[in-house]
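Descriptive structure summary
Letter by letter, the chains look like this.
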Amino acid sequence: MELISTDIAIIGAGGAGLRAAIAVAEADPSLNVCLISKVYPMRSHTVAAEGGAAGVIKDNDSLEYHFHDTVAGGDWLCDQDAVELFVTMAPRELLQMEHWGCPWSREPSGKVAVRPFGGMKIERTWYAADQSGFHMLHTLFQTSLKYPSIRRFDEFYSTDLLVEDGRCSGTVAIEMRSGRMVAIQAKAVIIATGGCGRIFPFTTNGAIKTADGMALAYRAGVPLKDMEFIQYHPTGLPGTGILITEGSRGEGALLRNKDGYRYLQDYNLGPPDPWPRLKAMELGPRDRLSQAFWHEQKKGRTISTPHGDAVLLDLRHLGEKKINERLPMVRELAQSYAGVDPVHEPIPVRPVVHYTMGGIHTDIDGATPLPGLFAAGECACVSINGANRLGSNSLTELLVFGARAGHSAAAFAKANPAVSASAAREGTDAIQERIRELFVRASGSETVSGLRKAMHDTIERGAGIYRSEALLQETCRLLADLRLRYGKAQLQDRSNVFNTDLIQVLELGCMLEVAEAIAHSAIQRKESRGSHQRLDHPERDDQNYLKHSLATYRGGEPPAIGYCDVVITRSKPAERVYGGVAA
Amino acid sequence: MSENVTLEILRYMPEVDSEPHFQTYTIPYRDDWVVLDGLNYIKDQVDATLSYRWSCHMAICGSCGMMINGEAKLACHAFLRDYRHGVIRIEPLDHFPIERDLVIVMDSFMEKLSSVKPYVITQEKKSLSDGENLQTPLQLMAFKQYTLCINCLLCYAACPQCGLNEKFVGPAALALAHRYNLDSRDDGKEQRADVVASNEGIWECTFVGACSEVCPKHVDPAAAIQQTKISASLDWFKARLMPGADR
C-alpha cells in the first residue's frame, strides 16, 4: 500500500473540513494538509443548507441573547462554555466569510442583512437568499484554492483510522477511480464528514450522509455523544424529503392544517399574530413544530398526499416579488418537485429527518479523547446544540469549530513528532485484507438495498419523533440482527474502477453501527427532552438525565451507554417557553 | 398492468469492456420520478454494478449531470414524465473522458476552475477589525447570477467549442472569473487576465450560447464571456492608445 506522509489529514471537505484546512494553512503555511473526501468538495452536503447562519452583528442584538436562545433551544443539554465561545466567535467567522467573498444578502445601506429564525429572540441570521449553504461552501472551496499547502484527495473514501500507541496517526482510503488503497499518515487527523441522516428513510440529507466519519471514530474507541437527539425539520416536501427552509417562515410563511387553521396556537406557541412574532408560532423551535405535526396527524387534521400526511406552508401573502428576491430556490423546488407555485398555492410539507445533534465526542477545542484525533461540524458533538439545534446555528458551527479544530490540530502536529512509518505499514495489512474479503466472499446472501431497507424501516419505527421502550427494544433487536446479516452482504460488483457497490457496502456498515448507537442511547434515556420524546417518559428529568450520553463501541456487541456531565455556567435549567409569553 | 419505461444506458467498465456499449433496463414508470430515481431503482433492484454520481436530489450539488436523449441535464431534475414516449437514452456528459459508466473524468475542469483564481484578491490586506465591506444590493446584483454556478458541467457538454478544443477554459470557469471581476470587493481582474483573456480563454468562445441554454441554475455564461471580451478589448485599446492609462 502506498504510504503518504503529511502533517494534518482532514477527512471530509464540506464546510467544516474546508474551514479547518484554511485555518491550518493560515496558521502555518509550512504544515502540509491532505484534504480527503469521497466527493469533490463542492458536492458536499453543506451545499444544500438554505436559510442562513446565525451571528450577532446588529445593534439591537447581543451575545447574551444568542447564548440564551441557544441554551434554551437545546433544552439545557448544551455545554454552556462551548455555547459562550460559539456565540463570541460567530460574528467574526461570518465576517471572515464576507471578506472571502460570500455573497450575503444586503440592506439598502450595503450592510449585511439578517432574517429571523425559529427560537431566536432577535433576528440574527445572515443569509444569501435561500442558498446560504451553497454560497458558503463554494466560497470556502474557491478560497481554499489559494493555499498551496492544501493537497486535495477528491473521491477518496476513508475506510479506517490508523491508531498507534494510543494516538491517531492517519487514515486509510480507497482511491475511487482506481480502487487502489493508500495510507495517509498524519500527525493529526480531523474528521469533518457531516451527519448520518441517511440512516433514516425520509431525510433532507443527500445520499452521501452515511455516518462514515462517526463510524471511523466510534470504531477507534471514541464515544459517540448524545446520539439519541435526531432533529426532524418541520417542513420537508413529502416523498423526496427536499428541505423547504425555515427562512421561509422567517420571511412570514404560515403553517396551516387541512382546515386552514394555524394549528401551532394549540401547542403553546400562540398567539397567532398575522406577522412573524419572534419565538412564537411558525418561529418556534423545530422540535416543537415537528411534535405539533405528530399531534395534528393523530387528530386527523392533516391532509393526505400520495407520500403521506402533510400540512400546508402558506407563502402566498408574501407576494411574488419578495418570494423571488428572498426565496427563489424554495419557489423553484416547490414548482419542480411538488408541482405547486408558492406564489399561488400553499406547499404541502411534513417533518423530515434533518440533523444529528449528537456526534463524535469532542471538547471545546474539537479534540476527541483519542490523542491526535479532532472532529468538527455535524459529525461532532461539542456540544452547542444540546437536545435540539436552533435553525441557522449549524452553518455557523461548522465555521467556528472547523477553524478551531484546524488550529488545535495544527498545534498538536507541531508539538508531537511523526509516528514511525513502519508501524503504519503493519496496521494497513489488516485493513486491506478486510476490504479484499468483501471481493472474495462467495456465498453472501444479503443485498445492500435489502439490508438498508430493513434498517430504514426499523429505525423510523423506533426512533421517530415520539419513542417508547417497546418500540425501541424491537429496533435494538432488529439492528443487532441486521449487523449479523451484514456479515453476509454480497458485492455484485467486483471491479476496481469507481465501484459504488463497494462504497455502498462500506457506507451501510457505518450506518448500521451508528444506528445502533442511536437506538441504544434513546432506549436508555428515560425522559423527554428536546428532540428526544418518550411517550412512556413524557417529562424532562434533570435529576437523572441532565447528562450527555456516551455510546462506546464494543465490536459485535451493542454499545455500552455511559454518561458525562453537562457544563452549566450561568443559565440554570428552566422551563422552555415559547409563544407570546416568551418575551 | 402498471406502466413501464425503458432506459438505454451507456455502460463502460474499463477493466472488462474494450469500448462503451448500451445496456437496456426496464423500470416502473412513476409520474413524480426523475431519471435519477430510475437509476436508483436499477442500482437497488436490478443491477448493482451500474455506477453514477449523485447526492442531493435537489439540483444544487451538481453531481448528476449526464446526457439524456442527447441533451445535457441533471438526472435529478429531468422528469420521466417529460420522456414518456419511447426509450430514454442516458450517456455520460459529452466532451469528457469516461471513467466508468456514467461517471466522467473531471480533472481538466478542476484545473480550469483553479486557473482563473476564483477568490477575492485585494490590493491591500484587509483585517477583520476593519468590519464588513459595504456592498449595496445593486452592487451585489452586478455579479450575483454568476455566483449561482453549481459546477455541474452541463455547459461544457453543451458547448461545441469544448468538444473541439479541450484546452478551452470553458463557460463555467470563465463565468466564475467574471463573477469575481465584477465583485466590488475584488481587485484581482488583472491577475485573472492571463488565463481569461488568453487564446484558450474568452477568445475561443464563438458565442453559440448553448452554455446559457442548458444551465439548470439560469446562469448566463455566454453573457459573462461577451462582457469580458468587451472589457478586455477596452483594456487593450486603453493600454495602447493611452499609455499609462491602464495603471
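Residues numbered from 1 in each chain as written. Chains lettered and ligands numbered in written order. Predicted model: local features only at pLDDT ≥ 70, side-chain atom pairs only at ≥ 80, totals over all residues.

1. Quick notes on the overall build of chain B
A tally of helices and strands in chain B yields nine helices and seven strands. Taken along the three principal axes of its C-alpha coordinates, chain B extends 75 × 40 × 30 Å. Buried residues in chain B amount to 48% of all 247 residues. Contacts in chain B between residues at least 24 apart in sequence constitute 64% of all its contacts with a sequence separation of at least 6. (Helix = DSSP H or I, 4+ residues; strand = E, 2+ residues; numbered from the N terminus. Buried ≥ 20, exposed ≤ 12 C-beta atoms within 10 Å, placed from the backbone. Contact = placed C-beta atoms within 7 Å.)

2. Structural notes on the overall build of chain A
Along the backbone of chain A there are 15 helices and 22 strands. A globule of 583 residues ought to have a C-alpha radius of gyration of about 25 Å, and chain A, at 23 Å, matches this closely. Along the first, second and third principal axes, the C-alpha set of chain A runs to 70 × 55 × 50 Å. Taking all 583 residues of chain A together, the buried fraction comes to 63%. Long-range pairs, those at least 24 residues apart, make up 76% of the contacts in chain A with a sequence separation of at least 6. (Rg over C-alpha atoms; globule rule 2.2 N^0.38 Å.)

3. With respect to the sheet that holds strand β10 (residues 224–225) of chain A
The strands making up a sheet associate through backbone hydrogen bonding, with each pair oriented either parallel or antiparallel. Residue and element names in this part refer to chain A. Strand order in the open sheet made by the five strands is β18-β16-β10-β21-β22, with mixed pairing throughout. A single partner strand is all that each edge strand has here, and the edge strands are β18 (380–381) and β22 (557–565). Summarising the sheet, β10 and strand β21 (residues 547–554) pair through two bridges and their orientation is antiparallel. The residue of β21 that forms the bridge with Lys 225 is Leu 550. Relative to the sheet, helix α14 (residues 500–524) contacts β10, β21 and β22, its axis offset from that of β22 by approximately 55°. (Pairing = 2+ DSSP bridges. Axes fitted to C-alpha atoms, helices over the stretch in contact; angles between N-to-C directions.)

4. Comments concerning the pairing of strand β3 (residues 65–68) of chain B
All names here are of chain B. Examined bridge by bridge, β3 and strand β4 (residues 71–74) share four bridges and lie antiparallel to one another. Considered in β4, the bridge of Met 67 is made with Ala 72. Connecting β3 to the antiparallel partner β4 that follows it, the hairpin turn spans two residues, and Asn 69 within it adopts a positive phi of roughly 50°. One ladder, built from two bridges, connects β3 with strand β5 (residues 88–91); its direction is antiparallel. Each bridged residue has a counterpart across the sheet, and for Ile 68 the counterpart in β5 is Ile 90.

5. Thoughts on the interface of chain A and chain B
Of the residues lining the interface, 44 residues belong to chain A; the matching set on chain B comes to 41 residues. Sorting elements by how many residues they give to the side of chain A that touches chain B places helix α3 (residues 80–99) of chain A first, with five residues.

6. Remarks on the domain arrangement of chain B
Residues and elements named next belong to chain B. Along its sequence, chain B is carved into domain 1 (4–104) and domain 2 (107–241). At the junction of the two partners, domain 1 supplies 12 residues and domain 2 supplies 12 residues. The set of elements that each furnish at least two residues to the side of domain 1 that touches domain 2 consists of β3 and β4. In terms of residue count, β4 provides more of the side of domain 1 that touches domain 2 than any other element does, three residues in total. (Domains from an automatic or database assignment.)

7. Quick look at the domain arrangement of chain A
Residue and element names in this part refer to chain A. Partitioning chain A into domains gives domain 1 (2–106 + 120–231 + 355–424) and domain 2 (232–354). Put simply, the middle of domain 1 and the middle of domain 2, counted by C-alpha atoms, are 30 Å apart. At the interface, 23 residues of domain 1 touch 23 residues of domain 2. Tallied by class, residues from the side of domain 1 that touches domain 2 come to nine nonpolar, 11 polar and three charged. (Nonpolar A, V, L, I, M, F, W, Y, C, P; charged D, E, K, R; others polar.)

8. Considerations on the environment of Gln 123 of chain B
Among the secondary structure elements, Gln 123 of chain B is positioned in the loop between α2 (107–115) and α3 (137–144). A sequence separation of 64 residues divides Gln 123 of chain B from Asp 187 of chain B, and the C-alpha atoms of the two residues are 6.2 Å apart.

9. Thoughts on the sheet that holds strand β3 (residues 53–54) of chain A
Residues and elements named next belong to chain A. A sheet is described by the order of its strands in space; here three strands give the open sequence β3-β5-β4, paired in antiparallel fashion. For this open sheet the edge positions go to β3 and β4 (114–115), each flanked by a neighbour on one side alone. Of the strand pairs in this sheet, β4 and strand β5 (residues 125–126) are connected by two bridges, and their pairing is antiparallel. For Val 114, the partnering residue across the bridge sits in β5 and is Trp 126.

10. Notes on the packing of helix α5 (residues 212–219) of chain A against α14 of chain A
Relative orientation and spacing of two packed helices are given, respectively, by the angle between their axes and the distance between those axes. Residue and element names in this part refer to chain A. Across the interface, α5 lies against α14 with an axial gap of 8 Å and an inter-helix angle of 70°. Considered as vectors, α5 and α14 are oriented roughly perpendicular to each other. Crossing handedness for the pair α5 and α14: left-handed. Contact with α5, carried on its side by Asp 212, Met 214, Ala 215 and Tyr 218, involves Glu 507, Cys 510, Glu 513, Val 514 and Ala 517 of α14 and no other residues of that element. By residue class, the composition of the contact of α5 with α14 is six nonpolar, no polar and three charged. (Parallel < 35°, antiparallel > 145°, perpendicular 65-115°, else oblique. Left-handed = near helix turned anticlockwise from the far one by under 90°.)

11. Concerning the pairing of β22 of chain A
Residues and elements named next belong to chain A. Summarising the sheet, β21 and β22 pair through seven bridges and their orientation is antiparallel. Counterpart to Ala 551 in the pairing with β22 is Ile 561. Hairpin connection of β21 to β22: two residues between the antiparallel strands, including Gly 555 at a positive phi of 60°.

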